[in-house]
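Chain and residue survey
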Amino acid sequence: MQRPPPEEFVLKETKPHLGGGKISGDKLTSTYDLVEQMQYLYVRVVKAKDLPGKDVTGSCDPYAEVRLGNYKGTTRHFEKKSNPEWNQVFAFSKDRIQASVLEVTVKDKDFVKDDFMGRVLFDLNEIPKRVPPDSPLAPQWYRLEDRKGDKVKGEIMLAVWMGTQADEAFPEAWHSDAASVSGADGLANICSKVYLSPKLWYLRVNVIEAQDLQPSDKGRYPEVFVKAILGSQALRTRISPSRSINPMWNEDLMFVAAEPFEEPLILSVEDRVAPNKDEVLGRCEIRLQYVDRRLDHRPVNTRWFNLEKHVVVEGEKKKEIKFASRIHMRICLEGGYHVLDESTHYSSDLRPTAKQLWKQSIGVLELGILNAQGLMPMKTKDGRGTTDSYCVAKYGQKWIRTRTIIDSFMPKWNEQYTWEVFDPCTVITIGVFDNCHLHGGDKSGTTRDARIGKVRIRLSTLETDRVYTHSYPLLVLHPSGVKKMGEIHLAVRFTCSSLLNMMHMYSHPLLPKMHYLHPLTVSQLDSLRHQATLIVSMRLSRAEPPLRKEVVEYMLDVGSHMWSMRRSKANFFRIMGVLNGLITVGKWFDQICNWKNPITTVLIHILFIILVLYPELILPTIFLYLFLIGVWYYRWRPRHPPHMDTRLSHAETTHPDELDEEFDTFPTSRPPDIVRMRYDRLRSIAGRIQTVVGDLATQGERLQSLLSWRDPRATALFVIFCLLAAIVLYVTPFQVVALLTGFYMLRHPRFRHRLPSVPLNFFRRLPARTDCML
C-alpha cells in the first residue's frame, strides 16, 4: 500500500469568511460571494475647469495628486490646458489607511518645482458607502481651496466613496498597494485582465493533381512534389509516383489557422532536379478568408488553381502566369474538429471550432482566488528576497490574470471569475507566477516571469452547488528535486443548470464527431498541437499587457510528452496499483481454498452450489454485489478535489541523475555526437512507450473510479444501472440474455454505428489519476 504524502504536500480544507459572512452553506447569495470582502476607499478624479495660469505665458500644465497618509497617486498631466479631463480612479486599501483626511491637490507641472494651485479635503468619517448593484456614485464639482482653507480660482469634479473589490471601478483603478510601481507600462503590467484565446481552425489541404507542368529539363522524368507554407508551418507531399508533367498525389496536408487570418496559404510545385536542389515550377497564394468552411464529413468541392512562375528579367523578379499549368485541390477550414491546444488529459474545452455545432451550456464554474501563503522569495531587490505574485487561470477560451501584489509572501487577491461550462469532464488550471516586468522590464526580452506552481481541478470530481475551499500546495519540480513554493487558497463552485442534461452528457462522445468519422493520426495530432500552442502563446503575448509566452506554455503543459525516467516509473507503478486489486482477489481466493477462515469458505461453498443449480442468478448476483459495494463505499467518498501527489509522481524518490536527465536539453548536451543521436532517439521512443503505459494505467483507473465516487454523477449513474440490471436480469431467463448478447456481439456491420457506443463514451468520461500527476 502506498504511503500518504508528507503533511506539507497535502491539500487542506479551510473555512474562510466568504462574501462578507453572507454566504450560508452552499447557497448562491450574490455575484461576488466566493471571496473575502476587502474594503477600499475609491477616488474618481474626473476633470477640472477654470484653472488659473501659472506660467509666464499665462497657461498651466495641470495634474491632480491624491494623497492619503503616506500613499500618493498622481494623474497624467496635460500641457497648456486649463480645463483638463483625467477620468482616473484611485483605490486605497482600508487595511492600510493610517490617516483621517483625504487630500486631492491640483498642481502645475514645472521643471524646477511643481506649483500648488488648490486642494480639496475630505474627512474619512463622512465618506459614503456604496454596495453594488447600486449605480455608481455621481461625481460633483468642488471649489479649490488654498492651504489656509480660503476659496481660490478653479474647480475639480470628484467622486469619493467606500466600496469593495466588487466595485466596477476596481479593475481599472490605481492601487495604493502598487504605489512603488512607476510608468504606464509598469502599471499596465499589474492590472487584472481577461484574455481570449484566438479561434483556431484545422486547415485541410487535399492536393489531388497538377496539369501541364513545364520543367526546364524536358529530357528527364520530373520528380514533383508540392510544398505548402502557412505562417511558420511548412509541409510537403511525397514525390508523385506518376513521374510526368501531369503528376497525381491525392494527399492531405493539415495546418492550424487562427482568426483573424493574417497570413495566406502559399503553395509551390517543385521538381527535385538534384539531391539538394529543387526547381519551382509554379506557385499560388490562397487567402483563407475565401476558403470554404466545412461543418460535417461531406467533402467540399474541388477547385483548379492557376500556377504563377517568377521569372528574372534584367535582375528583377516578375510574375509570369502559365495558364496551361494548374493544380487541382480541395481546401477547407474544418469546423467539426476541436483544435487541441492543451494536453488531452487536462483539456478545458472539447467543443468543435464552428459555433453552429456548440451544444447548450450545462452550468457555471465560479472561482474565487483568495490568497497565497508562505511564498518563496523569487528574486533579489535592494539586497533582500522579494516576490511580486499574480495568478493566471485558464478554462475554455477564457484566460484570466489577477492583479500583481507587490513585494509580499502572503498576497491577498480576493478576485472572483466565472466561466460557462459545456462539459463536466474538463479541467481548470490555475498557475501562480512572479512578475518580473514591473518597471518596464528587460527590453531585450530575456526576462521571464518565474513559475511558482499550479493547480488543476477536474470539474467532474466536484459535487454541484457545493463551495470547495481548500489551500493547495504549489509544487514545482526543479533539477534539485520537488519543492513546495507556497500554498494558494481557492474557493470553487460548480453550479449545474440541468442535472438531466449533465447526466445525458456521459453518453456522448468526448470529442466532436469528426474525430471519429475522419480520425487524425497520433503524429498529426502531436504536430498540430505543437503549432496550436505556438499560435496561442504568440497571440496572447501580443496583447496589452501581454500574457507572456513562458506563462502560456506552462499553463498548456508544453513539453509534458518528453521522455522522463521519473514519469515512466510513476506510470509503471500506477499500472501495478491497478493490478494490485486482481492480486488481492487472487490472494483472497487462495485463503478460501486453504480454509484460512472456515465460516467464509462455507458461505462461498453454499453460494457456489446455489449458482450452479440456478445459473440465472449469476449475473443478478454480480450486479447486486457491485451495487452493494458502490453503496458501501459512499461513506468513504472523496471529500476533496484531487491534487498533485508527489508520491504518485515519484517526485521525492527520484535519483539526482534521473532528474539531471529530465532537465537535460533536447537535443541532449552530452558531448559525443554518436551518443547524442542515440540518446535522443531513445528518449523519443521511450516517450511514446511512456504515453502507452500511461494510457493503460488510465483505463484501469477509470474502471476503479466506477464505484469510488470520485465523479459523483458517474458513480450514481453506474450504481443505478447496476440495480436496474440486477432487477432486469433477475426477471429475464438467462438463456434469453445469453442469446441476445451473442447476437448483439455478432451483429452485421450495417447495424454498427461508426461513433463510439454509449457505454464506451461513459467509460471515457470517467476520471483517472492523470489529474494528480505532477
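These figures come from a predicted structure and were not determined experimentally. (Residues numbered from 1 in each chain as written. Predicted model: local features only at pLDDT ≥ 70, side-chain atom pairs only at ≥ 80, totals over all residues. Heavy atoms only, no water.)

With that out of the way, let us pick up the overall build of the protein chain. In terms of helices and strands, the protein chain carries 13 helices and 30 strands. Dimensions along the principal axes, computed over C-alpha positions, put the protein chain at roughly 105 × 95 × 55 Å. Put simply, of all contacts in the protein chain between residues at least 6 apart along the chain, 72% involve residues at least 24 apart. Accessible area of the protein chain: about 39900 Å², with a carbon and sulfur share of 57%. On the protein chain, the mean spot of the 104 positive side-chain charges and the mean spot of the 88 negative ones are 4 Å from each other. (Helix = DSSP H or I, 4+ residues; strand = E, 2+ residues; numbered from the N terminus. Contact = heavy atoms within 4.5 Å. Areas by Shrake-Rupley, 256 points an atom, 1.4 Å probe, with all protein chains shown as cover. Lys, Arg positive; Asp, Glu negative; His and termini not counted. Charge placed at Lys NZ, Arg CZ, Asp CG, Glu CD.)

Interhelical geometry of helix α8 (residues 618–633) versus helix α11 (residues 712–731) gives an angle of 155 degrees and a closest axis separation of 8 Å. Looking at the two axes, α8 sits roughly antiparallel to α11. Crossing of α8 over α11 shows left-handed handedness. Judged by residue contacts, Leu619, Pro620, Phe623, Leu624, Leu626, Phe627, Gly630 and Val631 of α8 engage Val719, Phe721, Cys722, Leu723, Ala725, Ala726, Leu729 and Tyr730 from α11. Residues belonging to the contact of α8 with α11 are distributed by class as follows: 15 nonpolar, one polar and no charged. (Axes fitted to C-alpha atoms, helices over the stretch in contact; angles between N-to-C directions. Parallel < 35°, antiparallel > 145°, perpendicular 65-115°, else oblique. Left-handed = near helix turned anticlockwise from the far one by under 90°. Nonpolar A, V, L, I, M, F, W, Y, C, P; charged D, E, K, R; others polar.)

Let's shift gears to the sheet that holds strand β29 (residues 467–478). In space, the five strands of this open sheet follow the order β1-β29-β30-β21-β26, with antiparallel pairing throughout. The sheet is open, and its two edges are formed by β1 (12–13) and β26 (412–421), each paired on a single side. In the sheet, β29 pairs with strand β30 (residues 481–496) via eleven bridges, with the strands oriented antiparallel. Its bridge partner being in β30, His478 is matched across the sheet by Gly481. (Pairing = 2+ DSSP bridges.)

Turning our attention to a nonpolar patch on the surface. Residues Trp595, Ile599, Val602, Leu603, Ile606, Phe608, Ile609, Ile610, Val612, Leu613 and Tyr614 make up a contiguous nonpolar surface patch of about 1100 Å² in total accessible area. Here Phe608 is to be found in helix α7 (residues 598–613). (Patch = residues over 30% accessible without salt bridge, like charges linked within 9 Å, V, L, I, M, F, W, Y side chains within 5 Å. Salt bridge = Lys/Arg side-chain N within 4 Å of Asp/Glu carboxyl O.)

On to the pattern of salt bridges. This structure, assessed with the given rule, holds 38 salt bridges. The partner of Lys12 in a salt bridge is Glu487, with the nearest N and O atoms 2.6 Å apart. Separated by 475 residues along the polypeptide, Lys12 in strand β1 and Glu487 in strand β30 bring together distant segments of the chain. For Lys12, a relative accessible area of 29% corresponds to the partly exposed category. Of the residues examined, Glu487 reaches a relative accessible area of 9% and is grouped as buried. Taken together, the shared-partner salt bridges in this structure form one network comprising Glu65, Arg67, Lys72 and Lys107. (Buried < 20%, exposed > 50% of the residue type's maximum accessible area, 1.4 Å probe, protein only.)

Take the pairing of strand β27 (residues 427–434) next. In terms of burial, β27 is a largely internal element, eight of the eight residues being buried. Of the two faces of β27, the one lined by Val427, Thr429, Gly431 and Phe433 and the one lined by Ile428, Ile430, Val432 and Asp434 are each fully buried. Taken together, the six bridges between strand β24 (residues 389–395) and β27 define a ladder with antiparallel strand orientation. Note that in β27 the partner of Ala393 across the bridge is Ile430.

Below, the discussion takes up α11. Between its first and last C-alpha, α11 extends 29 Å over 20 residues, near the 28 Å set by a 1.5 Å rise per residue. Among all positions of α11, only Pro712, Arg713, Ala714, Thr715, Ala716, Phe718, Val719, Cys722, Ala725, Ala726 and Leu729 are buried. (Expected span 1.5 Å × (residues − 1).)

Counted according to the given criterion, the structure contains three cavities of 30 Å³ or more. Estimated volume of the largest cavity: approximately 200 Å³. As for the largest cavity, its lining consists of 17 residues, and the residues nearest its centre are Leu200, His338, Val339, Asp349 and Gln397. Broken down by class, the residue content of the lining of the largest cavity amounts to five nonpolar, six polar and six charged. Computed from the structure, the second largest cavity encloses a volume of approximately 50 Å³. Lining the second largest cavity are Thr461, Glu463, Tyr468, Arg637, Pro638, Trp709, Arg710 and Pro712. When grouped by side-chain class, the residues that make up the lining of the second largest cavity number four nonpolar, one polar and three charged. (1 Å grid on protein atoms, 1.4 Å probe; cavity = no way out; pocket = protein on both sides within 12 Å on 5 of 7 lines; lining within 4 Å. Points joined across faces, edges and corners; volume = space filled by probe spheres on them.)

Of the residues in the protein chain, 90% reach a pLDDT of 70 or more, and the chain-wide mean stands at 85. Within the protein chain, helix α1 (residues 184–188) has the poorest average pLDDT of any element, 66, and β27 the best, 96. Of the regions scoring below 50 in pLDDT, residues 24–29 engages in twelve contacts with residues more than four places distant in sequence or in other chains. (pLDDT = per-residue confidence, 0-100.)

This paragraph deals with the side chain of Ser537. Note on placement: Ser537 falls in helix α4 (residues 522–541). Here Leu534 takes part through its backbone oxygen, which lies 3.0 Å from a polar atom of the side chain of Ser537. Sequence-distant contacts of Ser537, defined by excluding residues within four places in its chain, comprise Lys549 and Val552. (Polar contact = N/O pair within 3.5 Å; in protein donor to acceptor, adjacent residues only side chain to side chain.)

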